[in-house]
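Architecture at a glance
What follows is the residue order along each chain.
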Amino acid sequence: MPLPKDLDPYTDARSFYGSELRRLREAAGMSQSELGDKAFCSGTYIGLFEMAERRPQEDMSRTFDELLGSGKHLQRLCRLARKSKVAGYFADAAELE
């Protein structure tokens, strides 16, 4: 698996979310694959969040918080990271473009 790209967590909310997810995962001593297995997704999917290439999702953030023992930290960051200049119902589709 390639090394994660270095993100400046202060670039935007999505980058901050990704860096916090990585920090919490590493503090828990888990690889992306291990967290993915516990969250019923792939390690690659976890990596997309950590590299800020995918918008965080509320249900996954709740799962990550439970697995990593981070209270509601990622859920709060998720709300911030999901703010978009595009209407909410269209934001995920716009991201795919």
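The notes below deal with the structure included here.

What counts, and at which threshold
Each chain has its residues counted from 1, running along the sequence as written. Whole-chain, interface and lining totals are the exception, using all residues; otherwise, since this is a predicted model, local features are given only for residues with pLDDT of at least 70 and side-chain atom pairs are given and counted only at 80 or more. In computing side-chain values, all of the structure's heavy atoms are included and hydrogens and water are not. Labels follow the DSSP assignment, with helices taken as runs of H or I lasting at least four residues and strands as runs of E lasting at least two, numbered in each case from the N terminus. For every residue, the accessible area (1.4 Å probe, protein chains only) is compared with the maximum for its type, and the residue is labelled buried under 20%, exposed over 50%, or partly exposed between those bounds. In this analysis, two residues are considered to be in contact whenever any of their non-hydrogen atoms come within 4.5 Å of each other. Nonpolar cores are built from buried Ala, Val, Leu, Ile, Met, Phe, Trp, Tyr and Cys residues. Side-chain atoms within 4.5 Å join them into one set. Salt bridges are defined as contacts in which a side-chain nitrogen from Lys or Arg sits within 4 Å of a carboxyl oxygen from Asp or Glu. Axes here refer to lines fitted to C-alpha atoms; in helices the fit is confined to the stretch in contact. Angles between the N-to-C directions go from 0 to 180 degrees. In what follows, roughly perpendicular refers to angles from 65 to 115 degrees, roughly parallel to angles under 35, roughly antiparallel to angles over 145, and oblique to any angle outside these ranges. Rotating anticlockwise by less than a right angle from the far helix to the near helix defines a left-handed crossing, while the corresponding clockwise rotation defines a right-handed one. In this count, Pro and Cys sit with the nonpolar residues alongside Ala, Val, Leu, Ile, Met, Phe, Trp and Tyr, while Asp, Glu, Lys and Arg are called charged and the others, Gly among them, polar. Excluding any residue in a salt bridge, patches collect residues exceeding 30% relative accessible area, merging like charges within 9 Å and nonpolar Val, Leu, Ile, Met, Phe, Trp and Tyr side chains within 5 Å. Per-residue and other accessible areas follow the Shrake-Rupley method at a 1.4 Å probe size, with only the shown protein chains counted as cover for residues. Charged residues are defined here as Lys and Arg on the positive side and Asp and Glu on the negative side; His and the ends of the chain fall outside this count. Positions of charges follow a simple convention, taking NZ of Lys, CZ of Arg, CG of Asp or CD of Glu.

Comments concerning the overall build of the chain
Scanning the chain from terminus to terminus reveals six helices and zero strands. Secondary structure elements of the chain occur, N-terminal to C-terminal, as α-α-α-α-α-α. Residue burial in the chain is summarised as follows: out of 97 residues, 38% are buried. The long-range share in the chain, meaning contacts at least 24 apart out of those at least 6 apart in sequence, stands at 56%.

Looking at the nonpolar core
In this structure, Tyr17, Leu21, Leu35, Phe64, Leu68 and Leu74 are the most contacted members of the largest nonpolar core, which totals 17 residues. At the level of secondary structure, the elements contributing two or more residues to this core comprise helix H1 (13-27), helix H2 (32-39), helix H3 (43-50), helix H4 (58-68) and helix H5 (73-81). Ranked by residues supplied to this core, first place goes to H5 with four residues. Residues in contact with tyrosine 17, not counting those within four places in the same chain, are Phe49, Pro56, Ser61, Phe64, Leu74, Leu77, Cys78 and Ala81.

Here's the deal with the pattern of salt bridges
One pass over the full model with this rule turns up four salt bridges. Taking the shortest distance from any N to any O, the salt bridge between arginine 25 and glutamate 50 comes out at 2.5 Å. Note that arginine 25 is positioned in helix H1 and glutamate 50 in helix H3, a separation of 25 residues in sequence. Assigned by exposure class, arginine 25 and glutamate 50 land together as buried. By sharing partners, the salt bridges in this structure join Arg22, Arg25, Glu26 and Glu50 into a single network.

Quick look at the packing of H4 against H5
Taken N-terminus to C-terminus, the directions of H4 and H5 make an angle of 155 degrees; their axes are 7 Å apart at the nearest point. Considering the angle they form, H4 stands roughly antiparallel to H5. The two elements H4 and H5 cross, and the hand of that crossing is right-handed. Touching Glu58, Ser61, Arg62, Phe64, Asp65 and Leu68 of H4 are His73, Leu74, Gln75 and Cys78, all from H5. In terms of residue class, the contact of H4 with H5 is built from four nonpolar, three polar and three charged.

Considerations on a positive patch on the surface
Together, Arg62, Lys72, Arg76 and Arg79 give the surface a local cluster of positive charge. Residue position: lysine 72 is located in the loop between H4 and H5.

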